[in-house]
There are 2 protein chains.
Amino acid sequence: MDKAGVRAITIDDIAKKANVSKATVSKVINSYSGINEKTRQAVLKVMREHNYWPNTTARSLSMQRSYLVGLFMASELLDSFFREVIPGIEATLGSQGYDILYFADKRPGNTGVTFGYLEKCRDRRVDGAILLSYIRGDIPEFESLLASDIPAVFIDMTLEGPYTSYVISDNHKSARLAVECLHSLGHREVGYADGTSRSVPAERRFQGFMETVNRLGMHCRPEWIFQDSFDEEYGYHVIENLESMEQQPTAMVAQDNVAVGMIRALWERGKSVPGDLSIVGFDDLEISRHYNLTTVKQQKYEMGVAASELLLNIINHKSNKPIVMDTDLIIRGSCMSIK
Amino acid sequence: MDKAGVRAITIDDIAKKANVSKATVSKVINSYSGINEKTRQAVLKVMREHNYWPNTTARSLSMQRSYLVGLFMASELLDSFFREVIPGIEATLGSQGYDILYFADKRPGNTGVTFGYLEKCRDRRVDGAILLSYIRGDIPEFESLLASDIPAVFIDMTLEGPYTSYVISDNHKSARLAVECLHSLGHREVGYADGTSRSVPAERRFQGFMETVNRLGMHCRPEWIFQDSFDEEYGYHVIENLESMEQQPTAMVAQDNVAVGMIRALWERGKSVPGDLSIVGFDDLEISRHYNLTTVKQQKYEMGVAASELLLNIINHKSNKPIVMDTDLIIRGSCMSIK
DNA sequence: TAAATAAACGAAACCGGTTTCAAAATAGAT
DNA sequence: ATCTATTTTGAAACCGGTTTCGTTTATTTA
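Engineer: Would you explain the protein's contact with DNA strand C in this entry?
Structural biologist: The full set close to DNA strand C counts 27 residues, and Ile11, Ser26, Tyr32 and Ser62 of chain A together with Thr39 of chain B are the nearest of them. Taken together, the sugar and phosphate atoms account for 65% of what DNA strand C places within 4 Å of the protein. Within the side chain of threonine 24 of chain B, an N or O atom sits 3.0 Å from a phosphate oxygen of DNA strand C. Within the side chain of glutamine 64 of chain B, a nitrogen or oxygen atom sits 3.5 Å from a phosphate oxygen of DNA strand C.

This is the structure we're talking about:
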């Protein structure tokens, strides 16, 4: 568009007004040394007077740096987990002058082709990427990603490469804490509900769950194990199934969304938590507080921060060591001693 | 970074390999006419062989177009409403080759200054912007925005200018439908709970509510009107307050989040919906289905689509006529006839 | 077959910055 | 006052595309 005929003002304009070369203006903009203080002030004054701000596109082209970070999320977009991680990413990258490119699915009009991860990154020349909650095997490009030179940090997926690293919670510990909590309340018969074990956190939690259950001499029948989905609906499904069984657990360990669904399903049946069933959750989502759910917290905001810092480190050729976040038990009211 | 020494391949490389000029390659890329079919095929072949994709940054600089759209959201980021609108934006803009820039709060390292709306847009040379659910008076830059030449579309805020337009639901109708529904079930004493009336939708809904209540000869005591917040917590607050009143409504009209909070609060008190209170919601959020809430639906995904199309129209100098989306009643189980 | 017309192509300028490096200006030393 | 060392400065190349417009090549027409 012709922008109402008003051409944005450029570095050349500033140079002319200030009677210096554009090279000098550029150096002032970037706070380089070797510029006379008087000159610097004069240039700054002109810049201010004309409300000048450098064209990021031109700067990107020239510097081969976009100050853009791509944010890719597994399809169940904007779920409750992301919702708490993203602000940490935003705050950290934002304070370093980065903007976040939230990738849409298609590319330049033309053919409507769906482009993959790498193409998107290269195309926009992002300086790096953060990938949230992808599930192993869901993206065929992971290998080329590892071989590529685009800095990337995964959250909740353990993938490493020269320019690739990850942030993940200590999910094994989470499960241990959950089971130990129930054990200490006297529970011995305990079930489990979480998302697909192709998800790394769910896989690790399940390992931790089984190990701890065995170590403490507790029992978990195979039919008490549900591993399909992360949503509330699934919680209803879990309760329906449990209901129809002869033997039932006295307690369940379940991811928060699922746990909330379970609680609601029980309520609708006139039962209560923890009266009829004790539940310990995973994640400590925002909603869990409202349901008074005892749960093992993931430090979600902090994960966003950590992932961003890790990414910046990789971009700047510093450490790319993976980060494991601590977890801890948040005691609320969804568990009680066995009668 | 040195990108592992691998320089990305450029249009010049392609031109050389294909024995043509970069101008010709450019024309092939952009599907211009006036290129011999044989030449075109040859160039395309080389492009494919080298897995070439044009540098968007360079293209943006040259074309004075970024194919970037800024997405700004009022701070209660990623709430349940946005969550359903955004996919519509994404799909529509994505299919047109646009990417979405999700704006973070700070700009180029330097001073850590917080930049405003306009600066962000200009700085990144976005082709346009979509602003979600901002509240009148919350952003001081609205006026300069109206005067500016950056195409912008508001969702849920009625602001118009030469390059500015908006998309909003027919909120007045929503309220009318809600009240009429309750009236037809015999309710005459009805309360109201919604967010601040500084929000345009909440304002319009309230007008519609009062008008319809009066028109149909129903009653709404002043103390039955709650207009502070859009969240579940507020629903608890509403129920607590109602509880303590001598006169109580037989039904409430309430925004979905608030309604859900009310339902939960009632459950916790051993009461039921609609047994003890009928409720009609606004919005039809995802969660409302799980609560079996009768509600007036906003076409959220479609609003995202409409806003995107409107924005593209403005960018391409076509119509900038505001769009009002229809709403309709979704009958579920949260209302019953008065006994 | 020559001239007129149409189609295809490419040289060069441009978008708005950064960076290199030689030249100019200034300061310091003798 | 002259010469050297140090700061400052700016011309020009570069980043990787797009676009204009004149030139070359191919096709028609006479």
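Engineer: Looking at this structure, I do not really get the packing of aromatic side chains. What am I missing?
Structural biologist: Two measures describe an aromatic ring pair: the distance that separates the ring centres and the angle between the ring planes. Going through the model one piece at a time under the given rule, you end up with 13 aromatic pairs over all chains. Considering the side-chain rings of tyrosine 192 of chain A and phenylalanine 209 of chain A, the 4.7 Å spacing of their centres and the 45° angle between planes classify their relative orientation as tilted. With tyrosine 192 of chain A in strand 6 (residues 190–195) and phenylalanine 209 of chain A in helix 9 (residues 200–215), the pair connects residues that are 17 residues apart, well separated along the chain. Taking the centre distance of 5.7 Å and the plane angle of 25° together, the rings of tryptophan 267 of chain A and tyrosine 291 of chain A count as stacked. On the criterion of sequence distance, the pair formed by tryptophan 267 of chain A in helix 11 (residues 256–268) and tyrosine 291 of chain A in the loop between helix 12 (286–290) and strand 10 (294–298) is long-range, its members being 24 residues apart. Residue tyrosine 291 of chain A is classed as buried on the basis of its relative accessible area, which comes to 5%. Ring-pair connections join several aromatic residues into one group, and the members of that group are Tyr192, Phe206, Phe209 and Phe282 of chain A. The lysine or arginine in question, arginine 264 of chain A, covers the ring of tyrosine 291 of chain B, its NZ or CZ lying 4.2 Å from the ring centre.

Engineer: How should I be thinking about the sheet that holds strand 6 of chain A in this particular structure?
Structural biologist: Strands pair in a sheet through their backbones, by hydrogen bonds, and they do so in one of two ways: parallel or antiparallel. All names here are of chain A. What the six strands build is an open sheet, ordered 7-6-8-9-10-12; its pairing is mixed. Strands at the two margins of the open sheet, each flanked by one partner only, are strand 7 (225–228) and strand 12 (327–330). Within the sheet, the average angular offset between the axes of one strand and its neighbour, ignoring direction, is 15°. With four bridges joining them, strand 9 (residues 278–283) and strand 10 adopt parallel strand pairing. Looking at the pairing, phenylalanine 282 lines up with valine 296 of strand 10.

Engineer: Is there a simple way to think about the sheet that holds strand 4 (residues 152–155) of chain B in this case?
Structural biologist: Reading across from one edge, 11(A)-5(A)-4(A)-3(A)-1(A)-2(A)-2(B)-1(B)-3(B)-4(B)-5(B)-11(B) is the order of the twelve strands in this open sheet, with mixed pairing throughout. Pairing within the sheet leaves two strands with one partner each, and these edge strands are strand 11 (323–325) of chain A together with strand 11 (323–325) of chain B. Here the strands of the sheet are splayed against their neighbours by 20° on average, with no regard to which way each runs. As defined by bridge partners, strand 1 (residues 68–73) of chain B adjoins strand 2 (residues 99–102) of chain B across four bridges and the pair is classed as parallel.

Engineer: Even after reading the chapter, I still don't get the pairing of strand 5 (residues 164–169) of chain A, so can you show me in this structure?
Structural biologist: Here is the key point about a regular strand: its side chains alternate between the two faces of the sheet. All names here are of chain A. Burial analysis of strand 5 places six of its six residues in the buried class, which makes it a mostly covered element. The side-chain alternation of strand 5 yields two buried faces, one formed by Thr164, Tyr166 and Ile168 and the other by Ser165, Val167 and Ser169. Where strand 4 (residues 152–155) meets strand 5, four bridges bridge the pair, whose relative direction is parallel. Looking at strand 5, one finds that isoleucine 155 is bridged to valine 167.

Engineer: Any chance you could explain the protein's contact with DNA strand D here in plain terms?
Structural biologist: Residues in close proximity to DNA strand D total 28 residues, the closest being Thr39 of chain A together with Ile11, Ser26, Tyr32 and Ser62 of chain B. Here the atoms of DNA strand D within 4 Å of the protein split so that 64% fall in sugar or phosphate, with bases taking the remainder. Between DNA strand D and the protein, one listed contact pairs a phosphate oxygen with a backbone N or O atom of asparagine 36 of chain A at 3.0 Å. Here a base nitrogen of DNA strand D sits 3.4 Å away from a polar atom, N or O, in the main chain of alanine 58 of chain B. Among the secondary structure elements, those contributing two or more residues to the surface near DNA strand D are helix 2 (22–29) and helix 4 (56–63) of chain A together with helix 2 (22–29) and helix 4 (56–63) of chain B. Broken down by element, the residue count for the surface near DNA strand D peaks at five residues, all from helix 4 of chain B.

Engineer: Help me out: how do you make sense of helix 10 (residues 232–243) of chain A in this one?
Structural biologist: Since there are 3.6 residues in each turn of an α-helix, residues three or four apart along the chain are aligned in direction. When the terminal C-alpha atoms of helix 10 of chain A are compared, their 17 Å separation across twelve residues agrees well with the 16 Å that a helix rising 1.5 Å per residue should span. Listing the buried residues of helix 10 of chain A in full gives Glu232, Tyr234, Gly235, Tyr236, Val238, Ile239 and Leu242 of chain A. Where the residues of helix 10 of chain A are buried, they touch strand 6, strand 7, strand 8 (251–255), helix 11 and helix 12 of chain A together with helix 12 (286–290) of chain B. Measuring from the backbone nitrogen of glutamate 233 of chain A back to the side-chain oxygen at the start of helix 10 of chain A gives 3.3 Å, which picks out aspartate 231 of chain A as the cap.

Engineer: Got a minute to help me understand the side chain of threonine 164 of chain B in this structure?
Structural biologist: In this fold, threonine 164 of chain B is placed in strand 5 (residues 164–169). Ignoring sequence-local partners within four residues, the contact set of threonine 164 of chain B consists of Leu145, Leu146, Ala152, Phe154, Leu159, Ile314 and Asn320 of chain B.

Engineer: Is there a simple way to explain the packing of helix 10 of chain A against helix 11 of chain A in this structure?
Structural biologist: A pair of packed helices is captured by two measures, namely the crossing angle of their axes and the spacing between those axes. Residue and element names in this part refer to chain A. One way to put it is that helix 10 packs onto helix 11 with a least axis distance of 6 Å and a crossing angle of 55°. Comparing the axis directions of helix 10 and helix 11 gives the class oblique. For the pair helix 10 and helix 11, the crossing hand works out as right-handed. For the pair helix 10 and helix 11, contact is made by Glu232, Tyr234, Gly235, Tyr236, Val238 and Ile239 and by Asn257, Val258, Val260, Gly261, Met262, Arg264, Ala265, Leu266 and Glu268, respectively. Each residue belonging to the contact of helix 10 with helix 11 can be placed in one class, and the counts come to nine nonpolar, three polar and three charged.

Engineer: Please explain the packing of helix 1 (residues 11–18) of chain A against helix 2 of chain A as it appears in this structure.
Structural biologist: Residue and element names in this part refer to chain A. In the contact formed by helix 1 and helix 2, the axes pass within 8 Å of each other and the chain directions differ by 105°. One finds that helix 1 runs roughly perpendicular with respect to helix 2. Between helix 1 and helix 2, the residues in contact are Ile11, Asp12, Ile14 and Ala15 and Lys22, Val25, Ser26 and Ile29, respectively. Tallied by class, the residues present in the contact of helix 1 with helix 2 amount to five nonpolar, one polar and two charged.

Engineer: Is there a simple way to think about the pairing of strand 2 (residues 99–102) of chain A in this case?
Structural biologist: Residues Asp99 and Leu101 of chain A of strand 2 of chain A are buried on one face, and the alternating residues Ile100 and Tyr102 of chain A, pointing to the opposite face, are buried as well. In this structure, strand 2 of chain A lies alongside strand 2 of chain B, joined through three bridges in antiparallel fashion. What sits directly across from leucine 101 of chain A, in strand 2 of chain B, is leucine 101 of chain B.

Engineer: Can you walk me through the environment of threonine 212 of chain B in this structure?
Structural biologist: All names here are of chain B. Counting through the fold element by element, threonine 212 comes out in helix 9 (residues 200–215). Classification of threonine 212 as buried rests on a relative accessible area of 1%. Measuring from C-alpha to C-alpha, the distance between threonine 212 and histidine 172 comes to 9.6 Å, with 40 residues separating the pair along the chain. Discounting residues that sit within four places of it in the chain, threonine 212 has contacts with Arg176, Val179 and Glu180.

Engineer: Could you clarify how one ought to interpret the confidence of the model for chain A in this entry?
Structural biologist: When pLDDT is low, close inspection of the predicted coordinates is not appropriate. Residues and elements named next belong to chain A. Mean pLDDT over chain A stands at 88; residues scoring 70 or higher make up 89%. In the predicted structure, residues 1–5 sits below a pLDDT of 50 and forms nine contacts with residues beyond four places in sequence or in another chain. Counting contacts from residues 105–115, a segment whose pLDDT is below 50, to residues more than four positions away or on other chains yields 28 contacts.

Engineer: Looking at this structure, I do not really get the state of the cysteines. What am I missing?
Structural biologist: Structurally, a disulfide amounts to a covalent bond that connects the sulfur atoms of two cysteines. Overall, the coordinates contain zero disulfides over all chains when judged by the stated rule. In this structure cysteine 335 of chain B is not part of a disulfide, and its nearest cysteine sulfur, from cysteine 181 of chain B, lies 4.6 Å away.

Engineer: Teacher, can you tell me more about unusual backbone geometry here?
Structural biologist: Glycine aside, the phi torsion of most residues is negative, and most peptide linkages are trans. Residue proline 274 of chain A is bonded to the preceding valine 273 of chain A through a cis peptide linkage, with omega at 10°. Within the secondary structure, proline 274 of chain A sits in the loop between helix 11 and strand 9. Notably, tyrosine 67 of chain A is not glycine yet its phi reads approximately 55°, a positive angle. Within the secondary structure, tyrosine 67 of chain A is located in the loop between helix 4 and strand 1 (68–73). Within the chain, asparagine 51 of chain B stands out as a residue other than glycine whose phi angle is a positive 50°. In this structure asparagine 51 of chain B comes out as exposed when scored by relative accessible area, which is 59%.

The rules behind the values
Residues numbered from 1 in each chain as written. Chains lettered and ligands numbered in written order. Predicted model: local features only at pLDDT ≥ 70, side-chain atom pairs only at ≥ 80, totals over all residues. Heavy atoms only, no water. Near = heavy atom within 4 Å. Polar contact = N/O pair within 3.5 Å; in protein donor to acceptor, adjacent residues only side chain to side chain. Phe/Tyr/Trp six-rings, centres within 6.5 Å; stacked < 30°, edge-to-face > 60°. Helix = DSSP H or I, 4+ residues; strand = E, 2+ residues; numbered from the N terminus. Buried < 20%, exposed > 50% of the residue type's maximum accessible area, 1.4 Å probe, protein only. Lys NZ or Arg CZ within 6 Å of the ring centre and 35° of its normal. Pairing = 2+ DSSP bridges. Axes fitted to C-alpha atoms, helices over the stretch in contact; angles between N-to-C directions. Expected span 1.5 Å × (residues − 1). Contact = heavy atoms within 4.5 Å. Parallel < 35°, antiparallel > 145°, perpendicular 65-115°, else oblique. Left-handed = near helix turned anticlockwise from the far one by under 90°. Nonpolar A, V, L, I, M, F, W, Y, C, P; charged D, E, K, R; others polar. pLDDT = per-residue confidence, 0-100. Disulfide = S-S within 2.5 Å.

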